[in-house]
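# Residue-level structure breakdown
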Amino acid sequence: MARTLQVSVRNAKFQQWETLLRNRNKRHRAGSFLVQGVRPISLAVEHGWTVEAFLYDADRPRLSDWARGLLERPHTEQAALSGGLLAELGEKDEDNPPELLAQVKIPQRRLADLATRPDWLGIVIDRPTSPGNVGSLIRSADAFGADAVVITGRNAADPYDPKAVRASTGSLFAMPVVSAASAHEVAEWARKQPHAPTIIGTDERGEQALSEHDLGGPTLLVVGNETTGMSKSWFELADATARIPMSPKAASSLNAANAGSVALYEAARQRTA
């Protein structure tokens, strides 16, 4: 029988959960993160991620069948929080606390764990600063059939930040997301694969439009930083750099999430044409 912890004040345990939301370094040292929302929590469970604890609203007269079903899972710690405290962790209005949150273990994934095949498709997000963009691109990668998302840069936005998790709408739990320190690390991994992916960078200065490149074989798309675009390293390491055609009347370029989504769509279009 899972044990239940009662939390009605901002004690040390509550502050630990709060840290998982606010502090990236402590989140990764703890090795876990908080998941908000019915769909993300359901997908985390469905895809076999390790749930370390369920936090539920102790003030609610009756929990839904969905919440009660999760709380009946054996060997998972439970915590009954006051509605106000759960609302803080759920980042909701105090009058509308979430029913349930989940504390989930961060998986230890590495580039070496990824295996390519003849139709493999991956996307690199290079030095992103916005967790929301990271989550949106993970969602697009899932929607367009990509096999992996790779995030490069030591100070890149964290895919386990609550903004990224929410923006992914659960896709974070459906596909491999791997972090790498540098472009060179990723390129070296790619060259060693039995089905080595062609590395296609995206940049408005690309010589050819993205649609002119063959994206049907093993492919690794690269999307640059929101402000500065791809790093110099990726320009040097990519097999080709492609542009996404835009209207000459456009006042600005696409943001990283939109550019990556367009690139993933083009790859999916070619593969289903």
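Every value quoted in this text rests on a predicted model; they were computed, and no experiment measured them. (Residues numbered from 1 in each chain as written. Predicted model: local features only at pLDDT ≥ 70, side-chain atom pairs only at ≥ 80, totals over all residues. Heavy atoms only, no water.)

With that settled, consider the overall build of the chain. Regarding its fold elements, the chain presents ten helices and twelve strands. Here the C-alpha atoms of the chain give a radius of gyration of 21 Å, agreeing with the 19 Å that 2.2 N^0.38 yields for 273 residues. With respect to the principal axes defined by its C-alpha atoms, the chain has extents near 60 × 45 × 35 Å. A burial count over the chain gives 52% of its 273 residues as buried. In the chain, of all internal contacts separated by at least 6 residues, the share reaching a separation of at least 24 is 78%. Taken as a whole, the chain presents about 13,300 Å² of accessible surface, with 46% of it coming from carbon and sulfur. (Helix = DSSP H or I, 4+ residues; strand = E, 2+ residues; numbered from the N terminus. Rg over C-alpha atoms; globule rule 2.2 N^0.38 Å. Buried < 20%, exposed > 50% of the residue type's maximum accessible area, 1.4 Å probe, protein only. Contact = heavy atoms within 4.5 Å. Areas by Shrake-Rupley, 256 points an atom, 1.4 Å probe, with all protein chains shown as cover.)

Turning our eyes to something else, we now look at the pattern of salt bridges. Overall, the coordinates contain 15 salt bridges when judged by the stated rule. For Arg22, the salt bridge identified is with Glu91, shortest N-O distance 2.9 Å. One end of the pair, Arg22, is in helix 1 (residues 12–22); the other, Glu91, is in the loop between helix 5 (83–90) and strand 5 (100–105), and 69 residues separate them in sequence. A residue is classified by how much of its surface remains accessible, and Arg22, at 51% relative accessible area, is exposed. On the basis of relative accessible area, Glu91 is assigned to the partly exposed category, the value being 35%. Across the pair Arg127 and Asp126 runs a salt bridge, and its minimum N-O distance is 3.1 Å. Relative accessible area serves as the criterion here: at 29%, Arg127 is assigned to the partly exposed category. (Salt bridge = Lys/Arg side-chain N within 4 Å of Asp/Glu carboxyl O.)

A few words on the UniProt feature "domain: SpoU L30e-like N-terminal" (unreviewed entry) in the chain. Per the UniProt record, "domain: SpoU L30e-like N-terminal" (unreviewed entry) is annotated on residues 11–102. Strand forms 22% of residues 11–102 and helix 46%; the C-alpha atoms that close the span are 18 Å apart. (UniProt positions renumbered as here; feature names shortened; annotations may be inferred.)

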